[in-house]
2 protein chains.
Amino acid sequence: MSEQEPTPPPEALGRRGRGRPRATRRRDQILDAALAEFAESGFQGASLAAVARRVGLSQQGLLHHFPGKEALLIAVLARRDEVDVRELDGLGETAALTGLAERNTRRPEVVRLHTLLTAEGLTGDHPASAYVRDRYARVRDRLAHTLRAEHGDRLPSGATPDQAAALLTAAMDGLQLQWLYDPDSVDMPDLVGLLTDVLRGAPPDPAPH
Amino acid sequence: MSEQEPTPPPEALGRRGRGRPRATRRRDQILDAALAEFAESGFQGASLAAVARRVGLSQQGLLHHFPGKEALLIAVLARRDEVDVRELDGLGETAALTGLAERNTRRPEVVRLHTLLTAEGLTGDHPASAYVRDRYARVRDRLAHTLRAEHGDRLPSGATPDQAAALLTAAMDGLQLQWLYDPDSVDMPDLVGLLTDVLRGAPPDPAPH
DNA sequence: GTCTATAATGAGATAGAC
DNA sequence: GTCTATCTCATTATAGAC
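All values derive from a computational prediction rather than experimental measurement. All residue numbers refer to positions counted from 1 along the written sequence of the respective chain. Here the convention is simple: chains get letters from A, ligands get numbers from 1, in the order in which they are written. Thresholds applied to this predicted model are a pLDDT of at least 70 for local features of residues and 80 or more for the giving and counting of side-chain atom pairs; totals over whole chains, interfaces and linings are not thresholded and use all residues. Side-chain metrics in this entry use all non-hydrogen atoms of the structure; hydrogen atoms and water are not considered.

*Asks:* Which parts of the structure should I look at to understand the domain arrangement of chain A?
*Replies:* Residue and element names in this part refer to chain A. Domain start and end points were adopted from an automatic or database domain assignment. With domains assigned, chain A is organised as domain 1 (1-77) and domain 2 (90-209). With 15 residues of domain 1 at the contact, the number on the domain 2 side is 11 residues. Counting the surface lost from both domain 1 and domain 2, the interface buries some 1,100 Å², and carbon and sulfur atoms represent 72% of this. Buried area: the sum, over both parts, of the accessible surface (1.4 Å probe) that disappears when the two are put together. Its largest share of buried area at the contact with domain 2, domain 1 owes to Leu35, Ala39 and Leu77, together 45% of the area lost on that side. Whenever a carboxyl oxygen of Asp or Glu lies within 4 Å of a side-chain nitrogen of Lys or Arg, that contact is scored as a salt bridge. Linking domain 1 with domain 2 are 0 salt bridges, by the criterion used here. Pairs of N or O atoms within 3.5 Å make up the polar contacts considered here, provided that, within protein, one atom can donate a hydrogen while the other can accept it, and that residues adjacent in sequence are counted only when both atoms are side-chain atoms. Here domain 1 is connected to domain 2 by 4 residue pairs in polar contact (both at pLDDT 80 or more). A helix here means a DSSP run of H or I that spans at least four residues, while a strand means a run of E at least two residues long, and both kinds are numbered starting from the N terminus. Contributions of two or more residues to the side of domain 1 that touches domain 2 are made by α1 (22-45) and α4 (69-89). Considering every element that reaches the side of domain 1 that touches domain 2, the biggest residue donor is α1, with 10 residues. When grouped by side-chain class, the residues that make up the side of domain 1 that touches domain 2 number 9 nonpolar, 4 polar and 2 charged. Any pair of residues with heavy atoms lying within 4.5 Å of one another is described as a contacting pair. Gly is placed with the polar residues, together with every amino acid not listed as nonpolar (Ala, Val, Leu, Ile, Met, Phe, Trp, Tyr, Cys and Pro) or charged (Asp, Glu, Lys and Arg).

Below, the structure is given as structure tokens:
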């Protein structure tokens, strides 16, 4: 995590001029490939050679840029982290959750990555464990905070903000699983919206859809 | 699946008398060990040697009873399947879902197995894919059927039986994930009950707990 | 039925040439 | 920066002795 430098200070980059340094380009290419590969096969299931192939490198060529497989995953997650934090901060209102579900529908790769790593993180000393645990804490916290701001200590449905946060988080994860298995089986934004409404005690829409 | 013989015909077992044949004993011991190991490390992460160690066998001794790792998983799932079907059939009323959540709290091993395999099943040609896909179809179907029997084509909350079934299934899966990461973070039966109530449009309990 | 010995593979990682 | 060659290790699986 200490090697995460969104915009490294110029002096630390040596004599590189304006624009993205080539090395960083390559680095990003590799991270893209790694994300794709991890999303497809999980961390354990992915091989460095497969990642390397995606960028047209040999396995050893890849290892010039990252010290090892685990470091590669850490780097992928560090990059995801920035986006993640932004997205969570965007959840200032419960309506934004539907928007997130909508966006997710357009990026199955990211959804797969998170879903696979969340499960893998349960096993032994998986490198993603801390990331996932942290993420859960943040998501639920952020959601509960928003709900409390909107409804106080109890929602019209009777649920507490904490309960609602756990349920909404659970529904997101569970719906993603069903959706990944069969995208036509569930309408994620629709169902997240429905759950949000129901938890907020909204009256049933007489003619939905 | 064709090698699954819950109670093999006596004549096929040679000259063994009453009681469980020794071979079946061993088989069950191995399946127990395999379930435990798969639940701990997932299918990919588990090694045959680790399973064998749990029953006090060498890896090769184990392979005398099952032709390979994949066959071992299939056998574990086939045995789970019987229990699974019974449990799903037990969901004749939505209240039973809370009971299932309650029971799950007392068997983290089974919950882990299902959670890990559900995610792993997304990757490539995982041997559990079919099992999981099938399971989802059955669960949602069974739930939707129950809900329709109880409420007709629309629940008081406004959700259709299909929507509610997807949401309840998702919540179960998602809550299990959070619970496995931190058992104290969520009260599964409580939250499942809450979601059920809310979807059924039950009035908020003025003083819950 | 269980073991020892032993392939056969596949993966992560290192050393050093270009 | 990227490659070839190589090492090491874990794992699945087979062959055959007891």
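Once you've had a look at it, read on.
*Asks:* Where do I start with the interface of chain A and chain B in this structure?
*Replies:* Each side of the interface is counted separately: chain A has 48 residues, and chain B has 48 residues. Contact between chain A and chain B buries roughly 3,900 Å² in total, counting both sides, with carbon and sulfur atoms accounting for 68%. Among the residues chain A hides against chain B, the three largest losses belong to Leu122, Gln178 and Tyr181 of chain A. Together they make up 21% of the total. Remark: the boundary between chain A and chain B carries 0 salt bridges. Counting the contacts that link chain A with chain B gives 16 residue pairs in polar contact (both at pLDDT 80 or more). Those elements that place two or more of their residues in the side of chain A that touches chain B are α1, α6 (108-120), α7 (129-151), α8 (161-181) and α9 (188-199) of chain A. Sort the elements by how many residues they give to the side of chain A that touches chain B and α8 of chain A lands first, with 13 residues.

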